[in-house]
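# A structural walkthrough
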Amino acid sequence: MEHAYSWLLLLFSVLALCLGNQGVRCELTYDYYEESCPHLYTIVQQHVFAAMRAEMRMGASLLRLHFHDCFVNGCDGSILLDGSDGEKFAQPNLNSVRGYEVIDAIKADLESVCPEVVSCADVVALAASYGVLFSGGPYWDVLMGRKDGLVANQSGADNGLPAPFEPIDSIIQKFNAVGLNTTDVVVLSGAHTIGRARCALFSNRLSNFSTTDSVDPTLDASLADSLQSLCAGGDGNQTTNLDVSSADVFDNNYYQNLMFGKGLLSSDQGLFSSPEGIANTKDLVETYIDNNGDQFFYDFVWSMNKMGSIPLTGSDGEIRKNCRVVN
């Protein structure tokens, strides 16, 4: 009963936020496709389930695809556009963001049953939610009604996406720039409870870290040893689990890992161990360690709806027939 009350409270909180015009884009609704494409949820659910059955990591990849879309030009599907000047080839996305083929397959099925109705941006948002759900995370009703952007923004992706090497203060500033706050930084970083990362994103912690330390002193020594073995002599594309405790399960172990120096990326461990993190985010990390993950799940849903409502910028948009090209 208490759990049901919490989710009901969250629903009313989102509605109040929308009515108060404080961050959630109010033209988005939960029942946007109820009449125009009632098969939407079944189609997306089936494709995401099949993709994750073939490769469990795909749930994390779809979640990251949504994140990297929303931070550039708003949640407009611009990351899906092909072209050498597209966001796909921005440094934070190249050889990193995945799941495009899953979105293509979903969109193809949708075009056969409700043509030119569902935006690619909405497909990405809904697929991300099922990626979380099928990884053991919370279910939430996804706000819908986005339009697809007409242009990609490679420089925006290069400069606007938070990087794993950045100090926590800089990451907070980038979140603030799109209407998200410090709590959202900590909550959405918890998405790293699933997925993998390439050596190129954390090898800076393994050698020549500073003038006084070869290895990042906030990194657990045994984890550092195993990561050095993994990455030695490679091209930087070897991967390892972001969450060393439960790689494919969406839970709050990510935050528990930070207590013991087992955050993989410096942007993860920095939430707990860096001077900026101690000042701004450590208390929040400790909050999500407790309560069996309930508070994390509740706040994650809230932050995902906020992030998913970052508005499209620069044009009114369209409903793309093919997610890779404008109509």
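The rules behind the values
- Residues numbered from 1 in each chain as written.
- Predicted model: local features only at pLDDT ≥ 70, side-chain atom pairs only at ≥ 80, totals over all residues.
- Heavy atoms only, no water.
- Helix = DSSP H or I, 4+ residues; strand = E, 2+ residues; numbered from the N terminus.
- Rg over C-alpha atoms; globule rule 2.2 N^0.38 Å.
- Buried < 20%, exposed > 50% of the residue type's maximum accessible area, 1.4 Å probe, protein only.
- Contact = heavy atoms within 4.5 Å.
- Lys, Arg positive; Asp, Glu negative; His and termini not counted.
- Charge placed at Lys NZ, Arg CZ, Asp CG, Glu CD.
- Expected span 1.5 Å × (residues − 1).
- Phe/Tyr/Trp six-rings, centres within 6.5 Å; stacked < 30°, edge-to-face > 60°.
- Salt bridge = Lys/Arg side-chain N within 4 Å of Asp/Glu carboxyl O.
- Disulfide = S-S within 2.5 Å.
- Arc of directions from axis to C-beta.
- UniProt positions renumbered as here; feature names shortened; annotations may be inferred.
- Polar contact = N/O pair within 3.5 Å; in protein donor to acceptor, adjacent residues only side chain to side chain.
- Axes fitted to C-alpha atoms, helices over the stretch in contact; angles between N-to-C directions.
- Parallel < 35°, antiparallel > 145°, perpendicular 65-115°, else oblique.
- Nonpolar A, V, L, I, M, F, W, Y, C, P; charged D, E, K, R; others polar.

### Let's talk about the overall build of the protein chain
- A tally of helices and strands in the protein chain yields 14 helices and two strands.
- Relative to the globule expectation of 20 Å for 327 residues, the C-alpha radius of gyration of the protein chain, 19 Å, shows essentially globular dimensions.
- On the principal axes, the C-alpha backbone points of the protein chain span a range of 60 × 50 × 35 Å.
- Taking all 327 residues of the protein chain together, 51% fall into the buried category.
- Partitioning the contacts of the protein chain with sequence separation of at least 6, the portion at a separation of at least 24 is 74%.
- In the protein chain, 19 side chains carry a positive charge and 40 a negative one; their mean positions are 5 Å apart.

### A few points about the side chain of Ser303
- Counting through the fold element by element, Ser303 comes out in helix α14 (residues 294-307).
- Exposure remark for Ser303: the relative accessible area of 1% places this residue in the buried category.
- Setting aside anything within four residues of it in sequence, one finds Ser303 in contact with Asp184, Val187 and Leu188.

### Brief notes about helix α5 (residues 120-133)
- Counted at 1.5 Å a residue, the expected span for α5 with its 14 residues is 20 Å, and the 20 Å between its end C-alpha atoms agrees.
- Most of α5 is tucked away: 13 of the 14 residues are buried.

### Description of the packing of aromatic side chains
- Evaluation of the coordinates by the stated rule reveals 16 aromatic pairs.
- Here the aromatic rings of Tyr32 and Tyr33 are separated by 4.9 Å at their centres, their planes lie at 80°, and the arrangement is edge-to-face.
- Of the residues examined, Tyr33 reaches a relative accessible area of 1% and is grouped as buried.
- Measuring from ring centre to ring centre gives 5.5 Å for Phe250 and Phe296, while their planes differ by 5°; the resulting arrangement is stacked.

### Looking at the pattern of salt bridges
- Tallied over the full model, the rule gives ten salt bridges.
- Between Arg324 and Asp104 there is a salt bridge; the shortest N-O distance is 2.7 Å. One end of the pair, Arg324, is in the segment after α14; the other, Asp104, is in helix α4 (residues 100-113), and 220 residues separate them in sequence.
- Judged by relative accessible area, which is 22%, Arg324 ranks as partly exposed.

### Focus: the state of the cysteines
- A complete count under the given rule lists four disulfides for this structure.
- The side chain of Cys70 participates in a disulfide bridge whose partner is Cys75; the two sulfur atoms lie 2.0 Å from each other. Here the S-S torsion is close to 120°, and the disulfide linking Cys70 with Cys75 is therefore right-handed.
- Taken in sequence order, the bonded cysteines of the protein chain link in the pattern 1-4, 2-3, 5-8, 6-7.

### Considerations on α4
- End to end, α4 covers 21 Å across 14 residues, agreeing with the expected 20 Å (1.5 Å per residue, within 8%).
- Restricting attention to buried positions, one finds in α4 the residues Tyr100, Val102, Ile103, Ile106, Lys107, Leu110 and Glu111. Down the axis of α4, the buried set is contained in an arc of 165°. They therefore lie on one face. Looking at α4, the residues exposed on the side facing more than 90 degrees away from the buried face are Glu101 and Ser112.
- Those residues of α4 that are buried lie in contact with α2 (40-54), α3 (58-70) and α5.

### A short note on the UniProt feature "binding site: Ca(2+) 1" (unreviewed entry) in the protein chain
- Here, UniProt's "binding site: Ca(2+) 1" (unreviewed entry) annotation points to Asp69, Val72, Gly74, Asp76, Ser78 and Glu87. The annotated residues occupy 19 residues of the chain but converge on a single region, no pair of C-alpha atoms lying more than 12.7 Å apart.
- Within the secondary structure, Gly74 is located in the loop between α3 and α4.
- The buried category is assigned to Gly74, whose relative accessible area is 5%.
- In contact with Gly74, other than residues within four places in its own chain, are Asp69, Ile310, Pro311 and Leu312.
- By the secondary structure assignment, Ser78 is in the loop between α3 and α4.
- There is a polar contact of 2.7 Å between the side chain of Ser78 and the side chain of Asp76.

### Some words on the packing of helix α7 (residues 168-177) against helix α8 (residues 182-189)
- The geometry of α7 relative to α8 is characterised by a closest axis approach of 9 Å and an angle of 105° between their N-to-C directions. The pairing of α7 with α8 is recorded here as roughly perpendicular in orientation. Here Ile171, Ile172 and Phe175 of α7 come into contact with α8, specifically with Thr182, Asp184, Val185 and Leu188.
- Grouping the amino acids of the contact of α7 with α8 by side-chain chemistry returns five nonpolar, one polar and one charged.

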